[in-house]
Amino acid sequence: MKIAIIGAGPIGVEAAVAAQAVGHQVRVFERGQIADAIRQWGWVRMFSPFGMNSSPRGIARLRQSGAAVPEAADLLTGREYVSGYLDPLAKTLGDSVSTETSVLAIGREGQLKGENIGEPQRGTSPFRLLLREGARTDRERIETADVVLDCTGVFGQPNPLGTGGLPAVGEAAAEQRILRGLPDLELDWREEDDRARFLVVGGGYSAATMICELFRRQAGRAGGRILWAVRRAGALPCPLITDDSLPERDRLARKANALVADGEVELIAGATVAAIERTGGQLNVSLAIGEIQRVVAVHRLLGCCGFRPDQELARELQTQTCWATEGTYPLAAALLGATGGDCLKVPTPGAATLRHPEPGYFALGGKSYGRTPNFLIRTGLQQIDSLLAQLPPAA
Ligand SMILES: Cc1cc2nc3c(=O)[nH]c(=O)nc-3n(C[C@H](O)[C@H](O)[C@H](O)COP(=O)(O)OP(=O)(O)OC[C@H]3O[C@@H](n4cnc5c(N)ncnc54)[C@H](O)[C@@H]3O)c2cc1C
């Protein structure tokens, strides 16, 4: 089988290693560098130990190549995970991996989206992938494949800040002043930021990480202020998981909550962003808190409201995604009721739940969960094994 893998995050790289090991012909296309999404938050320490984020297959392959491998219990930063594991592992795939190569669209040779619905004929022609090579070129070409593994994750599409999941009024115009995801503040910190007012929006672990990092940077310096707006009403901005088996995750949530309890960070609970207005060097952010409207003037705004999958990429295929999560539909149904809470307790349903009506197209990894935030790399590794066991063997 000729397998095209889109995205060289942990799941794309591991899927390529696994598919190659059983004799499939593999091509990986990555729009940035290896593990580009993880590099963007590479300064953050992961909460699951290395043993959970790696496969025995990958480790064996790295050892064979002579590279040193982290210990199973190590809690690596994203950067260490990339440099100590994913990057060298991807190198063992040689020229099967093309970096700086974006997949723009996936279709089927000679068949439109609406044709041959449910017919075996649908699977008889190869996939066509439209690629763009290089970061700053418009050089495009077509690749074909028998199977497509869409491992593009969700990190490239941060959710907007506004009420109801829409962009807030004025959000687009203020884009240049909004930081999204988990930016490395080290790279972007200006002297005046020591005394700046920051507003962090979002109530998950990403927001908790940024709150702690902002406090660390401003601690002991007069004049700065950190505000934290969360949608939930209540005293604890970052909910705790009872008897959390990932101590690093628990420590983070407690630390961020303690900063609120100690008055170091001002919590604005039950709030959503209604509008953002640029005024000189500041942003006036209108927060809707029940019936009340409060406008806060801040210098910088951090959006930590989660991520969503790219729905355009496979638009010409017959895909089936959940209307609520945008994850692969049968999988989303199997996960129903397991949203929120502890990702360690979420079951890993089998390969049948990864199927789309389009034969040979599978979303693996973060994308298969869509907007559901509790995907773990370990789950993606299990998906790879169960899917490869279901594919026809390599010729
Ligand atoms: C701060 C932080 C800490 C985390 N800590 C942990 C942890 O401790 N344990 C854990 O299990 N999980 C953790 N996660 C979550 C974990 O990082 C993700 O679930 C995981 O990276 C998903 O892997 P993936 O390969 O599916 O997608 P990604 O890692 O997002 O990789 C997708 C890749 O696809 C590429 N791509 C996207 N679109 C295209 C395209 N059109 N063409 C070509 N390439 C494309 C991207 O550039 C990227 O390299 C953490 C996340 C964050 C933000």
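Since this is a predicted model, take the numbers as computed values, not measurements.

## Considerations on helix α4 (residues 78–91)
- With 14 residues, α4 extends 18 Å from end C-alpha to end C-alpha; this agrees with the ideal 20 Å at 1.5 Å per step.
- Maximum bend of α4: about 30°, positioned at glycine 84, with proline proline 88 one to four residues after it.
- The set of residues buried in α4 consists of Gly78, Tyr81, Val82, Gly84, Tyr85, Leu86, Leu89 and Ala90.
- For α4, the secondary structure elements touched by its buried residues are α1 (10–21), α2 (36–40), α3 (56–64), β3 (97–98) and α10 (377–390).

## Examining the sheet that holds strand β2 (residues 25–29)
- A sheet is described by the order of its strands in space; here five strands give the open sequence β3-β2-β1-β7-β16, paired in parallel fashion. Strand pairing shows two members of the sheet lacking a second neighbour, β3 and β16 (361–363), which therefore form its edges.
- Where strand β7 (residues 147–150) meets β16, three bridges bridge the pair, whose relative direction is parallel. Bridging across to β16, valine 148 finds its partner in tyrosine 361.

## Section: unusual backbone geometry
- In the Ramachandran plot, alanine 35 falls in the positive-phi region, its phi being about 55° despite a non-glycine side chain.
- For alanine 35, the location among the structural elements is in the loop between β2 and α2.
- Alanine 35 gets classed as buried once you look at its relative accessible area, which sits at 1%.

## A word on the site of the ligand
- Taken together, 30 residues are adjacent to the ligand, and Glu30, Phe47, Ser48, Gly366 and Ile377 come closest.
- One of the backbone N or O atoms of arginine 31 is found 3.0 Å from a nitrogen atom in the ligand.
- Within the residue set of the shell around the ligand, elements represented by two or more residues are α1, α2 and β4 (101–108).
- The class makeup of the residues in the shell around the ligand is 17 nonpolar, ten polar and three charged.

## Points about the pairing of β2
- Of all five residues in β2, four are buried, a share of seventy percent or more.
- Strand direction decides the pairing type here: strand β1 (residues 2–6) and β2, joined by five bridges, are parallel. Note that in β2 the partner of alanine 4 across the bridge is arginine 27.
- In terms of strand pairing, β2 meets β3 through two bridges, oriented parallel. The residue bridging phenylalanine 29 from the neighbouring strand is serine 98, located in β3.

## Points about the domain arrangement of the chain
- Taken domain by domain, the chain consists of domain 1 (2–156 + 307–390) and domain 2 (163–303).
- A separation of 31 Å is found between the C-alpha centroids of domain 1 and domain 2.
- Counting residues at the interface gives 19 residues for domain 1 and 13 residues for domain 2.
- The interface formed by domain 1 and domain 2 holds one salt bridge in total.
- Where domain 1 touches domain 2, the interface holds four residue pairs in polar contact (both at pLDDT 80 or more).
- Residue composition of the side of domain 1 that touches domain 2, grouped by class: twelve nonpolar, three polar and four charged.

Scoring rules and cut-offs
- Residues numbered from 1 in each chain as written.
- Predicted model: local features only at pLDDT ≥ 70, side-chain atom pairs only at ≥ 80, totals over all residues.
- Heavy atoms only, no water.
- Helix = DSSP H or I, 4+ residues; strand = E, 2+ residues; numbered from the N terminus.
- Expected span 1.5 Å × (residues − 1).
- Bend = angle between axes of the 7 residues up to and from the residue.
- Buried < 20%, exposed > 50% of the residue type's maximum accessible area, 1.4 Å probe, protein only.
- Contact = heavy atoms within 4.5 Å.
- Pairing = 2+ DSSP bridges.
- Near = heavy atom within 4 Å.
- Polar contact = N/O pair within 3.5 Å; in protein donor to acceptor, adjacent residues only side chain to side chain.
- Nonpolar A, V, L, I, M, F, W, Y, C, P; charged D, E, K, R; others polar.
- Domains from an automatic or database assignment.
- Salt bridge = Lys/Arg side-chain N within 4 Å of Asp/Glu carboxyl O.

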